[in-house]
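Overview (structure and organization)
The lines below spell out each chain.
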Amino acid sequence: MTLNGLASLYEEQRNAPPEILAIAPGRVNLIGEHTDYNDGFVFPAAIDKEVMVAARVAGEITTLSSEQTGPGQPFDARTVSPGEVSGWAAYAAGMAWVLREHTGKAMPNLDGHVASTVPMGSGVSSSAAIEMAFGVAWNRVASLGLDNKVLARLAQRCENEFVGVNCGIMDQMASAMGRDGQAMFLDTRSLDIAYASIPSELLIMICDTKKPRALTDSAYNERRSQCEEAAAVIGVKSLRDATLEDLEAKKSAMTEVVYLRARHVITEDDRSLRFRTALETSDFAEIGTLMKASHESLRDDYEVSCAELDQMAESAWAHPDCVGARMTGAGFGGACVALVKKSGIESFIAEVSAAYTDKTGISGSIMVCQAVDGARCV
């Protein structure tokens, strides 16, 4: 569905046109996985799989509906607090709460309808897209005047403190600050962004395993704590500040698992820095080497891959027009990202899909994506 289509549908359902139209993209991370909560480097791109919101200001209650998942739990945007809303509407309610906390101004209630082209459970951040779509919507209707970088930080707080997921900043910042045709090299400590054009002869492919992403909160939090433990043993604020030499010097003071978790993060930060140069110089061989090494590190050292992700990556690596591929997202399901030469897109989709299905018995889905601008009202 397009934004214009959503506006027309809203008017048909409500007998009145929407007062606000907001759109926020999902994201794919080209490299830099599980580094954002270690103050490290990430390299996402906002993609043309997006959450769209059509809404009007309402009276006593916010009522939301979704094309994909039906009605959300109603709430009063002026007073809502953590613990009061569950389900997908919690992402919207959390934004009303965090904006009130930040500005001291109660958010007006909305009558809204949501449509999404972001595949759910595929690791391309539908949650951040929902947060940012409602963030820019309330920013507009309440005349808050906040910029998108501030809204992204508030969206992270929404997810941490209202929804209850202890995520880093990458997803929200990518959805907020995306730029058409470009990926963004993000320093998650300083929040400095450097944009890098994706070579014109390449397309971003999302290779969905169709295995729902299943990294539980306990597994995610366990890895965070393991990284924090490694940083403490090394004597640095975060693993962003550690080198492999530092890690090796302290290896005997930590468990093997903690050592491996730290090794992934430290080497992934280095891969992200090298990837920036490779993308800027269109060094396709280096791009492929770095993406494969990232996947293998996530599989072996961080242990967040799965058989389906491994098979999808291996099927992509085997195609001659695939420059690079790796799992993307938190792990244990979801999708791989691949950078593929435009000249080979049709054969890539056909051959990789067939190889993946042959090995797993699962029909995956491969989607062509483009890098797009970040969250906005139109």
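Rules used throughout
Residues numbered from 1 in each chain as written. Predicted model: local features only at pLDDT ≥ 70, side-chain atom pairs only at ≥ 80, totals over all residues. Heavy atoms only, no water. Helix = DSSP H or I, 4+ residues; strand = E, 2+ residues; numbered from the N terminus. Buried < 20%, exposed > 50% of the residue type's maximum accessible area, 1.4 Å probe, protein only. Polar contact = N/O pair within 3.5 Å; in protein donor to acceptor, adjacent residues only side chain to side chain. Contact = heavy atoms within 4.5 Å. Expected span 1.5 Å × (residues − 1). Pairing = 2+ DSSP bridges. Axes fitted to C-alpha atoms, helices over the stretch in contact; angles between N-to-C directions. Salt bridge = Lys/Arg side-chain N within 4 Å of Asp/Glu carboxyl O. Parallel < 35°, antiparallel > 145°, perpendicular 65-115°, else oblique. Left-handed = near helix turned anticlockwise from the far one by under 90°. Nonpolar A, V, L, I, M, F, W, Y, C, P; charged D, E, K, R; others polar.

Turning to the side chain of Gln 172, a few remarks are in order. Take Gln 172: it is sitting in helix H5 (residues 170–177). Judged by its relative accessible area of 1%, Gln 172 is buried. Of the polar contacts made by the side chain of Gln 172, one reaches the side chain of Glu 159; its length is 3.2 Å. Sequence-distant contacts of Gln 172, defined by excluding residues within four places in its chain, comprise Ala 128, Glu 131, Met 132, Ala 152, Ala 155, Gln 156, Glu 159 and Cys 167.

Right, let's talk about helix H8 (residues 256–280) for a bit. Taking 1.5 Å as the rise per residue, H8 with 25 residues should run 36 Å; its terminal C-alpha atoms sit 36 Å apart, in good agreement. Taken from the residues just after H8, Ser 282 is the one with a positive phi, measuring 55 degrees.

Right, let's get into the sheet that holds strand S9 (residues 202–208). The pairing of strands in a sheet happens through backbone hydrogen bonds and is either parallel or antiparallel. Across the sheet, four strands lie side by side as S10-S11-S9-S12; this open sheet has antiparallel pairing. Both edges of this open sheet fall to strand S10 (322–328) and strand S12 (365–369), since each of them pairs with a single strand only. Averaged over all pairs of adjacent strands, the angle between their axes in this sheet comes to 25 degrees, without regard to strand direction. On top of the sheet, helix H11 (residues 345–360) reaches S9, S10, strand S11 (335–341) and S12; it is set at about 155 degrees to S12, its chief contact.

Bringing the pattern of salt bridges into the picture now. Opposite charge on two side chains permits them to pair, given that their charged atoms come into close proximity. Under the criterion given, the structure shown has 22 salt bridges. Asp 208 is the partner of Lys 210 in a salt bridge, and the nearest nitrogen-oxygen pair spans 3.8 Å. For Asp 208, a relative accessible area of 3% gives the class buried. Among the ionic pairs, Asp 300 bridges to Arg 299, the shortest N-O distance being 2.7 Å. On the basis of relative accessible area, Arg 299 is assigned to the partly exposed category, the value being 28%. Here the salt bridges share partners, and the residues they tie into one network are Glu 33, Glu 268, Arg 271 and Arg 326.

We now examine helix H4 (residues 148–163). The α-helix advances 3.6 residues per turn, and as a result positions three or four apart in sequence lie on the same side. Every buried residue of H4 is listed here: Asn 148, Leu 151, Ala 152, Leu 154, Ala 155, Gln 156, Cys 158, Glu 159 and Phe 162. In this structure, the buried side of H4 is in contact with helix H2 (89–103), helix H3 (126–141) and H5.

In this section: the packing of H8 against helix H9 (residues 284–300). Here H8 crosses H9 at 160 degrees, and the two axes come no closer than 9 Å. Classified by the angle their axes make, H8 and H9 are roughly antiparallel. Between H8 and H9 lies a crossing whose hand is left-handed. Here H8 contributes His 264, Thr 267, Glu 268, Arg 271, Arg 274, Phe 275, Ala 278 and Leu 279 to the contact with H9, which in turn contributes Glu 286, Ile 287, Leu 290, Met 291, Ala 293, Ser 294, Ser 297 and Leu 298. Here the residues of the contact of H8 with H9 are counted per class, giving eight nonpolar, four polar and four charged.

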